[in-house]
Structure formats: C-alpha cells, structure tokens
Amino acid sequence: MNSAAAPAGSDGVAGCRHVAIIMDGNGRWARKRLMPRAVGHKRGVEVVREVTRAARDMGLEALTLYAFSSENWKRPADEVADLMGLLRGFIRNDIDEFVANNVRLRVIGDYQHLAGDIVDLIEDALARTALNTGTQLAIALNYGSQQEIARAAALAAAEGEVTPETIEVHLDTHGMPPLDLVIRTSGEERLSNFLLWQAAYAELWFTDVLWPDFTPAHLKEAIDAFAMRERRYGGR
Ligand code: IPE
Ligand code: IPE
Ligand code: MG
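In this text, all values refer to a predicted model and were calculated from it rather than measured experimentally.

### Some words on the site of ligand 1
Moving on, step 1. Close contacts around ligand 1 come from 13 residues, with D24, G27, R28, R37 and R75 the closest.
Moving on, step 2. A distance of 3.4 Å separates an oxygen atom of ligand 1 from a polar backbone atom of G25.
Moving on, step 3. Within the backbone of G27, a nitrogen or oxygen atom sits 2.9 Å from an oxygen atom of ligand 1.
Moving on, step 4. If ligand 1 stood free it would expose 380 Å²; the protein chains cover 86% of that surface.
Moving on, step 5. When residues of the shell around ligand 1 are traced back to their parent elements, those giving at least two are α1 (26-32), α2 (37-58) and α3 (77-100).
Moving on, step 6. No other element matches the three residues that α1 contributes to the shell around ligand 1.
Moving on, step 7. Here the shell around ligand 1 is built from residues that sort into three nonpolar, five polar and five charged.

Here you go:
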C-alpha cells in the first residue's frame, strides 16, 4: 500500500510502483539554443534512455512515457517525420539492452496505425521482451486517453455490463500496477489527454525543467515528494 508519508524506504521508490511522465519542452529547449526543434527531440531520446535506466536501477515496477499523442499528428509533417525517425532508432538501438536487463516493453495507444515498418519493429520488440519480469516500460504512441477509454468501454459493452471494472480490463495499461505518480516537465500543468482514467488517484508533480534537461535526480526528487504525500482515496 502507498501509506501516508512513508519515508523514502529501503526499496528506494517509497512504495511508488508506477510513474508516468509527460515528457514536454523539447521544442522550447531547442529554441532557447537557437537550434531546430529536432535537436531538442534528439536530446529528449537520450534522456529517455537515462531515465529508463535509472527507473530500472531503483527497482521501479513500471514507467510509462508519453512519446507521441494522438493529437501530435497536428504538427508539421517534417516534425512528425523527425519524431518517427527517432522512434525507429530508439527501438532498434535499445531493444538489446531491454532484453539484457529484464525490461518488459509495452506500448499503449493505437500503434497499429503507425508506419508498417514501425509496427513491425514494435511487435518484434514486444515479443522479445514479453517474458521479462523486471521493470515494465510502457511507451505511449499515437496515444489518446479519451480514445482508449472509448475503445475499452465499447469492448466492455460488447461483452455485457459496463462498469469501472469491466472497462479497466480493456485499457491498454491492463496488467500494469496502479498509477501512483504523474510527472510533467516544462511548466505546463495539464494532462493533455494522458492516462485520464488511470490518474484518478495518482499524485501529480510538475516541474519547470524542460525534458532535455531532466535527469535521474529529478525523478528521485519527484518520488521523494510522492513519499511525503498523504493519499486518502476519498476516505479519512
Ligand atoms: C515534447 O516536446 C515532445 C513531444 C510532444 C513529442 P514538445 O515538442 O511538445 O516541446 P514544446 O512543448 O514545444 O517545448
Ligand atoms: C503532450 O505534450 C504530448 C507528449 C508529451 C507526447 P504536448 O506538447 O503535445 O501537449 P500540449 O499540446 O502542450 O497540451
Ligand atoms: Mg509541448
């Protein structure tokens, strides 16, 4: 249980099982340096790598990263292409490390509608890590929470009664631990269609740090802040 004000415990994650991050601010990071946005996205991928390693080393059970939203298709085609190129590179380069480190990769969102070669890369990576028992790393790709809830509700309705429980089993995150903490970088304080259902009782932590400047120490800071929160779930 996530008891109130648990000290950052011996497990290193203070009862925090599942962290989700809205990785925002790549564009502003690049603009501050008078560089193209693509440079910010590229640096952002490096940070994904560092933060994923840190999460694994801390023994976090699950980390969900918002990489591309269903609304990000509104961006100019060249930026979308840059992001898809980085995604290809990330899966190709990092899959061996996940396999070697017992990381189980998951993808949430409607990834089937990405380019065919990316779908193939994803499915290969999912298959290669499916039996891993360590940290679950979920990448949100073409992800929109309202769409996910609508899909889940439709599946629940097709099977019978629609209840929170029957919806829950059809969410893309089914099988992951309950969401404990949502982090958003770059100073924005909104969820932008991310894990709306799962965040019902999650703690929220916002920082002005731009994603390319985010470090494992910031992750630790967020988890330490989480440890000081009192979660009540409507009780008293
Ligand atoms: C986050 O950085 C990355 C994605 C949304 C893919 P942004 O690209 O949104 O950066 P800002 O918000 O414009 O600074
Ligand atoms: C949310 O960031 C999506 C990702 C981080 C992938 P955005 O930059 O797209 O969000 P808004 O548009 O500022 O709400
Ligand atoms: Mg943004």
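### Things to note about the side chain of N132
Moving on, step 1. Mapping N132 onto the fold places it in the loop between α4 (116-129) and β4 (136-143).
Moving on, step 2. We classify N132 as buried; its relative accessible area is 17%.
Moving on, step 3. Only 2.8 Å separates the side chain of N132 from the backbone oxygen of V103, close enough to count as a polar contact.
Moving on, step 4. Once you skip the residues sitting within four places of it in the chain, N132 turns out to touch F98, V99, N102, V103 and R104.

### Details of the environment of L114
Moving on, step 1. With respect to the helices and strands, the residue L114 is situated in the loop between β3 (104-108) and α4.
Moving on, step 2. A relative accessible area of 7% means that L114 is categorised as buried.
Moving on, step 3. Residues L114 and N142, 28 residues apart in the sequence, show an inter-C-alpha distance of 7.7 Å.
Moving on, step 4. Not counting the four nearest positions on each side in its chain, L114 is found in contact with W73, M84, L87, V119, I122, L141 and N142.

### A few points about the pattern of salt bridges
Moving on, step 1. Evaluated as defined, the whole model comprises 21 salt bridges.
Moving on, step 2. Note that E79 is salt-bridged to R75, the shortest N-O span being 2.9 Å.
Moving on, step 3. The class for E79 is buried, based on a relative accessible area of 7%.

Conventions and cut-offs
- Residues numbered from 1 in each chain as written.
- Chains lettered and ligands numbered in written order.
- Predicted model: local features only at pLDDT ≥ 70, side-chain atom pairs only at ≥ 80, totals over all residues.
- Heavy atoms only, no water.
- Near = heavy atom within 4 Å.
- Polar contact = N/O pair within 3.5 Å; in protein donor to acceptor, adjacent residues only side chain to side chain.
- Areas by Shrake-Rupley, 256 points an atom, 1.4 Å probe, with all protein chains shown as cover.
- Helix = DSSP H or I, 4+ residues; strand = E, 2+ residues; numbered from the N terminus.
- Nonpolar A, V, L, I, M, F, W, Y, C, P; charged D, E, K, R; others polar.
- Buried < 20%, exposed > 50% of the residue type's maximum accessible area, 1.4 Å probe, protein only.
- Contact = heavy atoms within 4.5 Å.
- Salt bridge = Lys/Arg side-chain N within 4 Å of Asp/Glu carboxyl O.

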